[in-house]
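Here is how the chains run, residue by residue.
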Amino acid sequence: MVTFRPLAKSSAAEYFKTDLNRKSDGADAGYYLTTGAVPPEWGGKLAATLGLTGPPTQEQLQRVLDGYHPLTGEDLVQRRIENRRQGYDVVVSAPKSVSVMAIFDDRIPAMIREADRLALLELETHAAVRVRAGKEDYSQTTGNLLWLKVEHQESRELD
């Protein structure tokens, strides 16, 4: 199942800092930057364009959410408005039966990762921006995305 949730500026930054599955010592690890079986990684055509390589940092993530270049701090957005949509939280969940089978067949996690990779590449081909110029208001396909891919072995409650 795929779930898309828009990120609101008022809550996104704090949400990304919050570890919903805290470390055993109670420390806040940052939910989207904790390392599971597969380390978090930047992806999409814009990751290469922006020069994002290596493991993501909280500072890079915060800059992107705020509309700044993650490495240089330069503006990436035209306007700073309070209710600007910062992006989407896209959750891809395998059906429970697949998750159960993964316990018995160690090939399944790799298959799930490959399916995720292909889905993200397909999603990127449909990426668009809203163009508002004069009286015009339309979407223009860019075919460019920046994503932070994080794999979690456990599920989490969605609102």
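Just so it is clear, the model here is predicted, and its values are computed rather than measured.

Caption draft 1: Up close: the overall build of the protein. Counting secondary structure elements, the protein contains 5 helices and 6 strands. Within the span of the protein, comprising 159 residues, buried residues form 25% of the whole. Contacts in the protein between residues far apart in sequence, at least 24 positions, make up 52% of those at least 6 positions apart. Approximately 11000 Å² of the protein is accessible, and the part contributed by carbon and sulfur atoms is 54%.

Caption draft 2: Fine view of the side chain of H69. Examined against the element boundaries, H69 turns out to sit in the loop between α3 (58–66) and β3 (85–92). Non-local contacts of H69, meaning those with residues more than four positions away in its chain, are made with L50, R63, E74 and L76.

Caption draft 3: Structural detail: the nonpolar core. In this structure, L7, W42, A47, L50, L52, L61 and L65 together form the largest nonpolar core, which totals 7 residues. Secondary structure elements with two or more residues in this core: α2 (45–50) and α3.

Caption draft 4: The arrangement of the pairing of strand β4 (residues 128–133) in detail. Two strands pair when backbone bridges link them, and β4 and strand β5 (residues 136–141) are joined in this way by 6 bridges, in the antiparallel orientation. Its bridge partner being in β5, A133 is matched across the sheet by E136. Turn length for the β4-β5 hairpin, with the two strands adjacent in sequence and antiparallel, is 2 residues, and the turn residue G134 shows positive phi of about 60°.

Caption draft 5: Examining the packing of helix α4 (residues 96–104) against helix α5 (residues 108–125) more closely. Relative to each other, α4 and α5 sit at 135°, their axes nearing to 8 Å. With respect to each other, α4 and α5 are oriented oblique. The segment α4 lies against α5, with V98, M101 and A102 engaging I108, P109 and I112.

Caption draft 6: Geometry of a nonpolar patch on the surface. A contiguous nonpolar patch, built from V2, F4, Y88, V90, V92 and L123 and spanning about 520 Å² of accessible area, is present on the exposed surface. Among the secondary structure elements, those contributing two or more residues to the nonpolar patch are β1 (2–8) and β3. The greatest single-element share of the nonpolar patch, amounting to 3 residues, is contributed by β3. Within the secondary structure layout, F4 lies in strand β1. Exposure remark for F4: the relative accessible area of 46% places this residue in the partly exposed category.

Caption draft 7: Structural context of the pattern of salt bridges. Applying the stated criterion across every chain, the model contains 5 salt bridges. Ionic pairing is found between D105 and R107, a salt bridge with its closest N-O pair at 2.7 Å. On the basis of relative accessible area, R107 is assigned to the exposed category, the value being 52%. A cluster of three or more residues bridged by salt bridges with shared partners is formed by R130, R132 and D137.

Caption draft 8: The arrangement of the confidence of the model for the protein in detail. Scored by pLDDT, the protein has a mean of 80; 77% of the residues are at 70 or more. Mean pLDDT in the protein bottoms out at helix α1 (residues 9–17), which sits at 58, and peaks at α2, which reaches 95. In this model, residues 19–24 is a region of pLDDT below 50 whose contacts with residues beyond four sequence positions or in other chains number 14 contacts.

Caption draft 9: Quick peek at the environment of P56. Summarising the element assignment, P56 is placed in the loop between α2 and α3. P56 sits in the buried class, given a relative accessible area of 11%.

Caption draft 10: Geometry of the environment of W42. In this structure, W42 sits in strand β2 (residues 41–43). Exposure remark for W42: the relative accessible area of 11% places this residue in the buried category. The spacing of W42 and P55 is 13 residues in sequence and 7.5 Å in space, taken between C-alpha atoms. In this structure, W42 is in contact with A47, L52, G54, P56, Q60, L61, V64, L146, W147 and L148, ignoring residues within four places of it in sequence. Reaching out from W42, the side chain makes a polar contact with the side chain of Q60 at a distance of 3.1 Å.

Cut-off values and rules
The numbers attached to residues start from 1 for each chain and follow its sequence in the written order. This being a predicted model, a pLDDT of at least 70 is required before a residue's local features are given, and a value of 80 or more before pairs of side-chain atoms are given or counted; all residues contribute to the totals for chains, interfaces and linings. As a convention, hydrogens and water are excluded, and side-chain values are obtained from all of the structure's heavy atoms. Helix and strand assignments come from DSSP, with helices taken as H or I runs of at least 4 residues and strands as E runs of at least 2, each series counted from the N terminus. Burial here depends on accessible area, computed with a 1.4 Å probe over protein chains only, as a share of the maximum for the residue type. Under 20% is buried, over 50% is exposed, and the range in between is partly exposed. For this analysis, residues touch if any pair of their heavy atoms sits within 4.5 Å. Here the accessible surface of atoms and residues is derived via Shrake-Rupley with a 1.4 Å probe, and residues count as covered only by protein chains that are part of the display. What is meant by a nonpolar core is a set of buried Ala, Val, Leu, Ile, Met, Phe, Trp, Tyr and Cys residues, joined one to another through side-chain atoms within 4.5 Å. Two strands pair under a simple rule: DSSP has to find at least two bridges between them. Axis definition: a line fitted to C-alpha atoms, over the contacting stretch in the case of helices. Angles run 0 to 180 degrees between N-to-C directions. The labels follow the angle: roughly parallel below 35 degrees, roughly antiparallel above 145, roughly perpendicular from 65 to 115, and oblique for the rest. Residues enter a patch when their relative accessible area is above 30% and they make no salt bridge; the linking distance is 9 Å between like charges and 5 Å between nonpolar side chains (Val, Leu, Ile, Met, Phe, Trp, Tyr). Definition used for salt bridges: Asp or Glu carboxyl oxygen within 4 Å of a side-chain nitrogen of Lys or Arg. Confidence of the predictor at the level of single residues is captured by pLDDT, which takes values from 0 to 100. By the criterion applied in these results, polar contacts are pairs of N or O atoms within 3.5 Å in which, for protein atoms, one can donate a hydrogen and the other can accept it, and in which residues neighboring in sequence qualify only through two side-chain atoms.

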